[in-house]
Structure formats: structure tokens, C-alpha cells
Amino acid sequence: MLTQISLSAPNLALGTAVFLVLSVVYYLIQYTRHELRIRKTGGVRAPVLAGNPITGTLWLLYCARAQMKHTLTEYFESMFSRAKPSHFGDIVELQVRPGQRYLITRDPDHIKTILTSKFTSFGKGQQFHELWRPFLGDSIFTTDGSLWHDSRSLIRPMFIKDRVSDLHTFERWVGQDGLLGKIAEGGAGPVKEVELMDLLYRMTLDVTTDFLLGAAVGSLDNPRAEFAEAFNEVQSIQTYLTMLGPLESLIPRRRYHRGIRAIDRFVMPYIDAALALPHDELEKLENSDRGFTFLHSIARYTRDPRVLRDQIVAVLLAGRDTTAATLSWAFLELSRHPDAFQRLRREVIDAVGRSRAPTYDDLKGMVYLRHVLNETLRLYPAVPYNLRTALEDATLPNPAGGPGVGVVEGDTVVYSTFSMQRCPSLYPRIDDRGEPLPEPAVFAPERWEVWTPRAWNYVPFNGGPRICVGQNFALTEMAYCVVRILQKYDRLEYCGDWDAQYHEAEIVGRPGKGVRVRLWEEHVQIAGEEK
Ligand code: HEM
């Protein structure tokens, strides 16, 4: 009898109608409460591109599609152009439902606000922490407040100048037995053809694992190493999980968890070995010239294998792809700009000749090299899109004056340094001498001789308390690699199809079509100097 009543058509229709009405009422109440809360911040809404679950979800799906079709850059730009004219700077809003709102910005004042002046109001947030926990646990990368602060204190000592200026690890993996050796295998004669991006990713994996654990994966020799493959796969899946936000549960997790197990299989034996060392042995290692690793450094302060594992994998994630991708873009652009390549090479040869390993001071003294790396990071900041969660109600400033954009606890602020650093409105037309400056979209290291970006218009390493802890390590590693390659090769040519090339944005943005190049070994023999 009961079954008959519940399944009869009129009852079903009535039940559905009641459910829909209640849902709409519930939604309207939530919406109004959220709206009131925004007003209470003293701020207003940014231009709204989507304001309900249907359009909001559609925008998120478009975003996932753009990611798959490698058109995320265009998608991102289109959001700002649709919202114009706006008084709030470059910011738009997508609201899926109250309590699930995305503010998307490329405005320097907003980025500065979330990273510095209102640092404690914005953080990675609980949702990000949970989403990333299987991969990076409670590490520096995923936490806020005291957990983050403790991680930062644990990690920072390994990045002081004295440690970074020891270039032996770089030479081991960049020199003749490493990257240079692999490039040399790219042909029998003086012209070598190689997929440089692939080699750079393998080299930075070896450098970073060596620095962290004292033992490299050996990825230059064995590109198919289980760890390397697992690490790449887990990162890729994690990007989709992050981008899809509320729809992340749609993504299957089997390969993700399998990859994490493979990562642990590689890392844990080193951690167990470090933990087996008595404390005084660790102290002795610290004072010796060699053999003291990042793992030893943090094992002096914690004996918890899980904490060690999480910090190691987080620094590996932060340090490996970022440098490889930046170097890939640098070589791609240098192949497109032979004049810049030749000028850089002259600087390298004048400073260190054709064979001597550069010192830390040599690298820091090469001004044009610094400009090339700055220019690469301006056009291709390694972390092109980033996000913060509002940990409490706040406002983002309005560049035109007047009320700012109200942000409510739980809102996500997505910011793009990639988009900001290319934004024409942030560039003067003329340089400090009154001469025209190159267009912002053009790779021109020379601009750095006559132009200094305004504060917060150029932040590839972020800024504020969470500024990249490995910045100096990264700049030294990249400079070392560029110098070593240019000492040996005097011409560089891209072999790929320029028109097919694109910016592939996962967590880190890299050239989507790789960087297949030809490199010409120099012929000349300079008296008194080895080639
Ligand atoms: C071109 C190279 C690099 C770039 C452009 C870069 C950029 C960044 C950015 C933008 C962040 C902020 C992420 C966030 O808070 O959401 C960051 C954080 C971080 N980076 Fe780098 N990075 C680079 C290389 C490195 C290297 C080589 C290491 C270490 C070996 C490293 C270690 C870290 C760590 C540990 C953090 C987390 C800092 C914190 O949350 O307090 N990075 N990096």
C-alpha cells in the first residue's frame, strides 16, 4: 500500500515540486545571507560572469575543456575582456553557489594584498590541504598558520647562501657526465639534435633528488625510472583535481594512489637510513664539506618519517619542474633570438672561457644572463596560475578608489602572474631614457637595462612571507646550466613547428611541444685554451 502511494504519478510530481521549491528557497536564503556577508565586509561584488549553479558549473567545465585543449591562456584573457569595463581592476567573479565562489584576478594590488598586507586572511585553506594531502601531506606547500611556519623554519637553513653556492651537485648533473654528455650523444658530428626539454626535466630531477636525498633517481640515464614516471603522473592528476574543484570527485584515483605508492617506495628507504643515524652523526655530517643533504638537515629536528617524507616530496615538486620549465622556455626563446644567444655567449666566454666550471661569483656577475632569466620568468612565470582561500572575511582594494571587492571566508581567489606580467596596461610605452620599449609580449632581455618593473608587477617567485624559499637555488642552477651549454655550443636552432607550439599549463607552465633543438659545437681552437 505504502509503495503504491509513494510511486503514484501525482505523488511523484508533487514530491518533486516540493523538493524543487524547497531547494530554490534554500538557495535564495543562502544567497541572501552570502550577499549580506559581502556587504558587511564593506566591499561589493566584482563583475559577475556566472552567478548560479548552472552557469557556474558551465564555466568550470569550460575551464577544464580549455585546459585539455591547451587554450587556458585564451580562456583566462576572455574572462577579463568579457567583464569590461570594470572599476575594480582586472577581477571577475564566478559563483557556483553561495559558499563556493571564485574571484579571478590579475591585478597587482590584489596579488600584493593576498600575499602580504592581508597575509593572514588568505591561505592555502582546508580544502586545498585535504585535496593535496595524499600527495604532499602536511608539508610546507599545503598548510597555513603554525604548521606552515614550522615547515618553513625546518626547510630554510638548507637554502642559505653557503649551501647554495656549493656548485658540485650542479656540475655532477649538468657537466660532461650528465646533461652535456647526453647532448653530445645527439649526433656523431659537431651538430647535435636533442629534445632539450626532456633532458632538462631529467637533469633537474637528478639535481633535486641528489640535493634532497644525497642520491639521484638516475633519470638522465634511465628516463623510464619508476619514480620519475610516477611523479609526473601524480602531478598531472593533481592539477586536474585542483582545477575541477567541486567536481574533483569525478576523477578516478587509482593511478594517482598507485603513483604515490611508487614515490614512497623510492623515498622511504633514504628516510629510514637517515633516521638510523644517531644525532651526533648527523651533526658531524653537517660540519663536513660533503654528504650533508636536505634530508639530513631536517632529520636533526624531527624523527617522524611521515613529516620527512612530506617535506621532501613537497620541495621536490616545488623545485624540479619549475627550473626545468624555465630553462626550456629560455632555450626556446634564445633559439628564436640568435642575437640574444650570441650576446649571451660572448658574456659567458668573456667571464669563464670555454671550459672552466663557473663559480657562484662568476654566475652572479653575468648581467646579461640575469636579464635573460628575468625576461624568461617575466613571460613564462613557472607557476602561471595560483590560488588562495579566504580564511576570514576581507576586501581586495579598488584601484579606482571607493569600496573594494568583498571576500567572504571560504571564497577562492585565483591569481595569474602569467596574465599580469603580460598585461600591456602595466608597461610604460617608453623606457627610462625616453626611447620606445619593446612590446610586453616580446622576449627582449635588453628591456631590463632600461626598465625596472614596479613593485608587484613582476613576481615570478611570489612575494611576502611565502616567497619561494628556493629562489636563489633555482637562479643559480639555471644560470649554471645555461653557462655550461653555451660554453660548448655556439649556435642553437629550434627544429619544431613554431606555429604548433603552445603554453601547456599544469601546476607549472612549459612548452607544450617540447624543445627539440640543434646545437652546433664550436670549431675554433683558441690558443692556450681547451675547447
Ligand atoms: C624557476 C624556478 C622557480 C620558480 C619560478 C618558483 C616559484 C615559486 C612560487 C611562485 C612559489 C609560491 C607557491 C605558493 O605559495 O603557492 C614557490 C614556493 C616554493 N618554492 Fe619555488 N620556484 C622555483 C624553484 C624552486 C626551487 C629550485 C626550490 C627548491 C629546491 C623551490 C622551493 C619552493 C618551496 C619549498 C616553496 C614553498 C614556500 C612556502 O610556501 O613558504 N622553488 N616557488
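Residues numbered from 1 in each chain as written. Predicted model: local features only at pLDDT ≥ 70, side-chain atom pairs only at ≥ 80, totals over all residues. Heavy atoms only, no water.

Caption draft 1: A look at the sheet that holds strand E6 (residues 385-390). The six strands lie next to each other as E1-E2-E3-E9-E6-E4, forming an open sheet whose pairing is mixed. Edge positions in the sheet fall to strand E1 (48-50) and strand E4 (122-123), since each has one partner strand and no second. For E4 and E6, the ladder comprises two bridges, and the chain directions are antiparallel. Within the sheet, the bridge partner assigned to Phe122 lies in E6 and is Ala390. (Pairing = 2+ DSSP bridges. Helix = DSSP H or I, 4+ residues; strand = E, 2+ residues; numbered from the N terminus.)

Caption draft 2: Examining a nonpolar patch on the surface more closely. On the surface, Ile54, Leu58, Leu61 and Tyr62 cluster together to form a nonpolar patch covering roughly 380 Å² of accessible area. Looking at the element boundaries, Tyr62 is found in helix H3 (residues 53-69). By relative accessible area, Tyr62 is classed as partly exposed at 38%. (Patch = residues over 30% accessible without salt bridge, like charges linked within 9 Å, V, L, I, M, F, W, Y side chains within 5 Å. Areas by Shrake-Rupley, 256 points an atom, 1.4 Å probe, with all protein chains shown as cover. Salt bridge = Lys/Arg side-chain N within 4 Å of Asp/Glu carboxyl O. Buried < 20%, exposed > 50% of the residue type's maximum accessible area, 1.4 Å probe, protein only.)

Caption draft 3: Representation of the environment of Asp198 within the structure. In this structure, Asp198 sits in helix H11 (residues 196-213). Looking at Asp198, the relative accessible area reads 36%, which means it is partly exposed. Separated by 310 residues in the primary sequence, Asp198 and Val508 have C-alpha atoms spaced 15 Å apart.

Caption draft 4: Main features of the coordination of the iron atom of the ligand. For the iron atom of the ligand, the protein contributes exactly one donor atom, Cys468 (SG), at 2.3 Å. Within the secondary structure layout, Cys468 lies in the loop between helix H21 (447-450) and helix H22 (471-488). (Donors = N, O, S within 2.8 Å, 3.2 Å for Na, K, Ca; no water.)

Caption draft 5: Representation of the environment of Leu285. Its location among the elements puts Leu285 in helix H14 (residues 279-287). Setting aside chain neighbours within four positions, we find Leu285 in contact with Leu277, Arg290, Gly291, Phe292 and His296. (Contact = heavy atoms within 4.5 Å.)

Caption draft 6: Layout of the nonpolar core. Counting 140 residues, the largest nonpolar core has Phe135, Met203, Phe294 and Ile485 as its most contacted members. Here this core gets 14 residues from one element, more than from any other, and that element is helix H16 (residues 305-336). Sequence-distant contacts of Phe294, defined by excluding residues within four places in its chain, comprise Ile155, Met158, Phe159, Phe211, Leu212, Ile312 and Val315. Listed in part, the 17 residues of the second largest apolar core include Ile114, Phe122, Ala390 and Val405. (Core = buried A, V, L, I, M, F, W, Y, C linked by side-chain atoms within 4.5 Å.)

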